[in-house]
Amino acid sequence: MRRCFVCAAAMLAPSVRALNFPGGRQRLFPIACGSCGVLIEPDADPERCWRDLAGRLAAPVFVPDPEAGYGLDLYTLRSAATRLGRGVHPLGEADRVALLQPHSLRAAESALYDLDGAEQRLVSLGVICRAAERDSVLAALSAQAAWTADVAILLDGPAAPARAVPVPSFAPGAVRVAARPLAGDFAAQRNALQDLARNAWMLQLDADEALDPATGARLPALAALAEAGDVVSVGLPRRNCVDGILSDIYPDVQYRLNRTAVRYAGRVHERPVLPGGWPQSFIALHGAIDHTLTGTHVRARSQRYEALDPGRGRPEERDALLQPYRA
């Protein structure tokens, strides 16, 4: 098994984690996914594991099987459930504590609900782009009007305050365009975009990224799910397509759905800084960000990023991005 049967990350590694199942049985698992956290037996059949997990996620209450070839705590179950458009409710105080303190010894048990039709939070959409990309970004916005009523676009250019622009399907004033110099600092640009949001949550995209409207439609419910678990940042898988070919760097999780008070750090390869560390984030698996790249851009990007922030340009990522996806 090269990839995780839950999140598809190629991050399986030796583990010393254990889980305590209902009835008092404890099991040690020798393999764990470094992305979503699921625990796996070495001889486990990934397809059988997913069929079993998916069946249990379809029920009103998730009950673990202490004999299965996998195990998970409630933190990991929350991410797994989103793959099927479902959310989790801790059954009691012990489960809530386990959710807030991953990765717990307590095997996951939880009430389950459908994200569609569930409680929601208002989510803004933000896009950073170059001035030359402004029109193409505006042209693509109408598809997102079903899930957001607030859009901010931040151009790389001479500083200019936000001004409303008309976009079909959006109410007057819903879409605004501002500008500030990027100046080689992506975190500062994202933070400035966060400050333009009118809502407590914002999803950020780049001009060369796209989001299926069906994926966007569940973001307001995900924001509510996050708040219920003291989470301030939600990661989405990103599909990198280089010259039309899916890259082996997948799921390439991008933490782009954030409380607007969250700040990014890092001039390049920027990431949100969470006051409570990584337990205040989780990965949602109900959809993905689509990232369109050219091989020429990939080859030049690492050198450019290294010049902007020496030691953090990730030149090794160039070759990985150019490698076609392997299951």
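Preceding this section is the structure that the text describes.
In this text the structure is predicted, and so the values were computed from the model without any measurement. (Residues numbered from 1 in each chain as written. Predicted model: local features only at pLDDT ≥ 70, side-chain atom pairs only at ≥ 80, totals over all residues. Heavy atoms only, no water.)

(A) Structural context of the pattern of salt bridges. Inspection of the entire model under this criterion finds 27 salt bridges. Measuring nitrogen to oxygen at the nearest pair gives 3.6 Å for the salt bridge that ties Arg 56 to Asp 65. Classification of Asp 65 by relative accessible area gives partly exposed; the value is 24%. Across the pair Asp 150 and Arg 176 runs a salt bridge whose closest N-O atoms are separated by 2.8 Å. Pair noted here: Asp 150 is in the loop between α4 (134-139) and β11 (151-156) and Arg 176 is in strand β13 (residues 175-180), with a separation of 26 residues, a long-range link. Take Asp 150 and Arg 176: they sit in the same class, and that class is buried. A network of salt bridges, in which partner residues are shared, links Arg 190, Asp 206, Glu 209, Arg 238, Asp 252, Arg 256 and Glu 270. (Salt bridge = Lys/Arg side-chain N within 4 Å of Asp/Glu carboxyl O. Buried < 20%, exposed > 50% of the residue type's maximum accessible area, 1.4 Å probe, protein only. Helix = DSSP H or I, 4+ residues; strand = E, 2+ residues; numbered from the N terminus.)

(B) Focus on the sheet that holds β11. Read from one edge to the other, the open sheet built from eight strands follows the order β12-β13-β11-β10-β14-β19-β16-β22, with strand pairing classed as mixed. Edge positions in the sheet fall to β12 (160-164) and β22 (281-283), since each has one partner strand and no second. For this sheet the average axis-to-axis angle between neighbouring strands, irrespective of direction, equals 25°. Note: strand β16 (residues 233-236) against β22, three bridges, orientation parallel. (Pairing = 2+ DSSP bridges. Axes fitted to C-alpha atoms, helices over the stretch in contact; angles between N-to-C directions.)

(C) Examining the packing of aromatic side chains more closely. Applying the stated criterion across every chain yields a total of three aromatic pairs. Geometrically, the ring pair formed by Phe 5 and Tyr 70 is edge-to-face, given 5.5 Å between the ring centres and 65° between the ring planes. Taken together, the positions of Phe 5 in the segment before β1 (12-14) and Tyr 70 in strand β7 (residues 70-71) put the pair 65 residues apart, joining distant regions of the chain. Each member of the pair Phe 5 and Tyr 70 is classed as buried. When the centroid spacing of 5.5 Å and the interplanar angle of 85° are considered together, the rings of Tyr 75 and Trp 278 count as edge-to-face. In this pair, Tyr 75 is assigned in helix α2 (residues 74-82) and Trp 278 in the loop between β21 (271-273) and β22, connecting sequence segments 203 residues apart. Over the ring of Trp 50 we find Arg 83, and its NZ or CZ is 3.7 Å from the ring centre. Between Arg 190 and the ring centre of Tyr 264, over which it is positioned, the NZ or CZ distance is 5.8 Å. (Phe/Tyr/Trp six-rings, centres within 6.5 Å; stacked < 30°, edge-to-face > 60°. Lys NZ or Arg CZ within 6 Å of the ring centre and 35° of its normal.)

(D) Structural context of the environment of Thr 82. Mapped onto the elements of the fold, Thr 82 is located in helix α2. Accessibility expressed as a relative area gives 0% for Thr 82, which makes it buried. The spatial distance from the C-alpha of Thr 82 to the C-alpha of Leu 222 is 8.5 Å, given a sequence separation of 140 residues.

(E) Summary view of the sheet that holds strand β8 (residues 86-90). The sheet built from three strands is open, its strands ordered β6-β9-β8 with antiparallel pairing. Among the strands making up the open sheet, the edge pair consists of β6 (61-62) and β8. Pairing of β6 with strand β9 (residues 110-114), which is carried by two bridges, proceeds in the antiparallel orientation. Considered in β9, the bridge of Val 61 is made with Ala 111.

(F) Inspection of the side chain of Gln 194 at higher detail. Its location among the elements puts Gln 194 in helix α5 (residues 186-194). Within the local environment of Gln 194, its side chain forms a polar contact with the backbone oxygen of Arg 259, the two atoms lying 3.1 Å apart. Sequence-distant contacts of Gln 194, defined by excluding residues within four places in its chain, comprise Met 202, Gln 204, Asn 258, Arg 259, Thr 260, Val 262, Arg 263 and Tyr 264. (Polar contact = N/O pair within 3.5 Å; in protein donor to acceptor, adjacent residues only side chain to side chain. Contact = heavy atoms within 4.5 Å.)

(G) A look at helix α1 (residues 46-57). Helix length check: α1 (twelve residues) gives 16 Å between terminal C-alpha atoms against 16 Å at 1.5 Å per residue, within 8%. In this structure Asp 45 caps α1, since a side-chain oxygen of it lies 3.0 Å from the backbone nitrogen of Glu 47. (Expected span 1.5 Å × (residues − 1).)

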